[in-house]
Amino acid sequence: QVQLKESGGGSAQDGGSLTLDCAASGNIGATYCMAWFRQDPAKEREGVATIDGDGRIGYADSVEGRFTISQSHARNSVRLRMDSLKPEDSGVYYCAARQQPGLCRPRYGSKAFDFWGQGVQVTVSS
């Protein structure tokens, strides 16, 4: 079992920055992939960024060049740095973990992930 807890959400202006952190506990060694997802009331939950046990990273096209995902050596902390924020980046952001190898890219969606945090609100104003 893995427990995930997000922190660092809040408000930013258009073009501003925020940093989200995910603290992981439990059987961290059983995880293969860590990810950030987001969801607003009008859309399905979408993958934002992923990082696997070998440090390989994937980003959604919509955030490429603006967001940066990273993890600690012990893989008990996953960070999402968000720069050049846009109003359409607003939503609830979730930390997620997958146990089995493969499918560690944002395009594979939430069904590929086994563990979830409770989410943190991000609001970007014009």
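Keep in mind that what you see is a predicted model, and the values were worked out from it rather than measured.

A.B. asks: What is the right way to read the sheet that holds strand β8 (residues 77–82) from this model?
C.D. replies: Strand pairing in a sheet relies on backbone hydrogen bonds. The paired strands run either parallel or antiparallel. Pairing is antiparallel across the open sheet formed by four strands, whose spatial order is β1-β3-β8-β7. Of all the strands in the sheet, just β1 (2–7) and β7 (67–71) have a single pairing partner and so form its edges. The sheet shows a mean angle of 15° between the axes of neighbouring strands, taken without regard to direction. Judged from the six bridges that link them, strand β3 (residues 18–26) and β8 form a sheet pairing that is antiparallel. The partner of A23 across the bridge, within β8, is S77.

A.B. asks: I tried to follow unusual backbone geometry on my own but got confused; where do I start?
C.D. replies: Comment: phi is negative for the bulk of residues other than glycine, and the bulk of peptide bonds are trans. Residue R75 is not a glycine yet carries a positive backbone phi of 60°. Within the fold, R75 resides in the loop between β7 and β8. Take R75: its relative accessible area is 12%, and that puts it in the buried class. Residue L103 is not a glycine yet carries a positive backbone phi of 55°. Among the structural elements, L103 can be located in the loop between β9 (91–98) and β10 (115–116). On the accessibility criterion, L103 (36% relative accessible area) is partly exposed.

A.B. asks: Please clarify how the state of the cysteines should be interpreted in this entry.
C.D. replies: Here, disulfide denotes a covalent bond that connects the sulfur atoms of two cysteines. Per the stated rule, a full pass over the model turns up two disulfides. In this model C22 forms its disulfide with C95; the gap between the sulfur atoms is 2.1 Å. Between C22 and C95, the S-S torsion sits near -80°, and that sign places the bridge as left-handed. One end of the pair, C22, is in strand β3; the other, C95, is in strand β9, and 73 residues separate them in sequence. Classification of C95 by relative accessible area gives buried; the value is 0%. Here C33 is linked by a disulfide to C104, with a sulfur-sulfur distance of 2.0 Å. When the S-S torsion is 80°, as for the bridge of C33 with C104, the disulfide is right-handed.

A.B. asks: Looking at this structure, I do not really get the pattern of salt bridges. What am I missing?
C.D. replies: If the charged atoms of two oppositely charged side chains come close together, the side chains can form a pair. By the definition in use, this model includes seven salt bridges. Between D89 and R38 there is a salt bridge, with its nearest N and O atoms 2.9 Å apart. Here R38 lies in strand β4 (residues 33–39) and D89 lies in the loop between β8 and β9, a separation of 51 residues in the sequence. For the residue pair D89 and R38, the accessibility class agrees, reading buried in each case. Across the salt bridge formed by D54 and R56, the nearest N and O atoms sit 3.5 Å from each other. Of the residues examined, D54 reaches a relative accessible area of 63% and is grouped as exposed.

Rules of the game
- Residue numbering note: each chain is counted from 1, following its sequence as written.
- Only residues with pLDDT of 70 or above have their local features reported here, since the model is predicted, and side-chain atom pairs are shown and tallied only from 80 upward, although totals for entire chains, interfaces and linings are computed over all residues.
- Derived side-chain values reflect all non-hydrogen atoms in the structure, with water molecules and hydrogen atoms excluded from consideration.
- The pairing criterion is simple: DSSP has to find at least two bridges between the two strands.
- Each helix is a run of H or I in the DSSP string that is no shorter than four residues. Each strand is a run of E no shorter than two, and both are numbered from the N terminus.
- Axis lines are fitted to C-alpha atoms, over the contacting stretch for helices. Their N-to-C directions set the angle, which ranges from 0 to 180 degrees.
- Categorising residues by exposure relies on relative accessible area from a 1.4 Å probe, with only protein chains included: less than 20% of the type maximum marks a residue as buried, more than 50% marks it as exposed, and the intermediate range marks it as partly exposed.
- Any cysteine sulfur atom paired with another within 2.5 Å is treated as part of a disulfide.
- Within this document, salt bridges are pairs made up of a side-chain nitrogen of Lys or Arg and a carboxyl oxygen of Asp or Glu, the two lying within 4 Å of each other.

Such coordinate-based values are descriptive only and should not be taken to indicate function.
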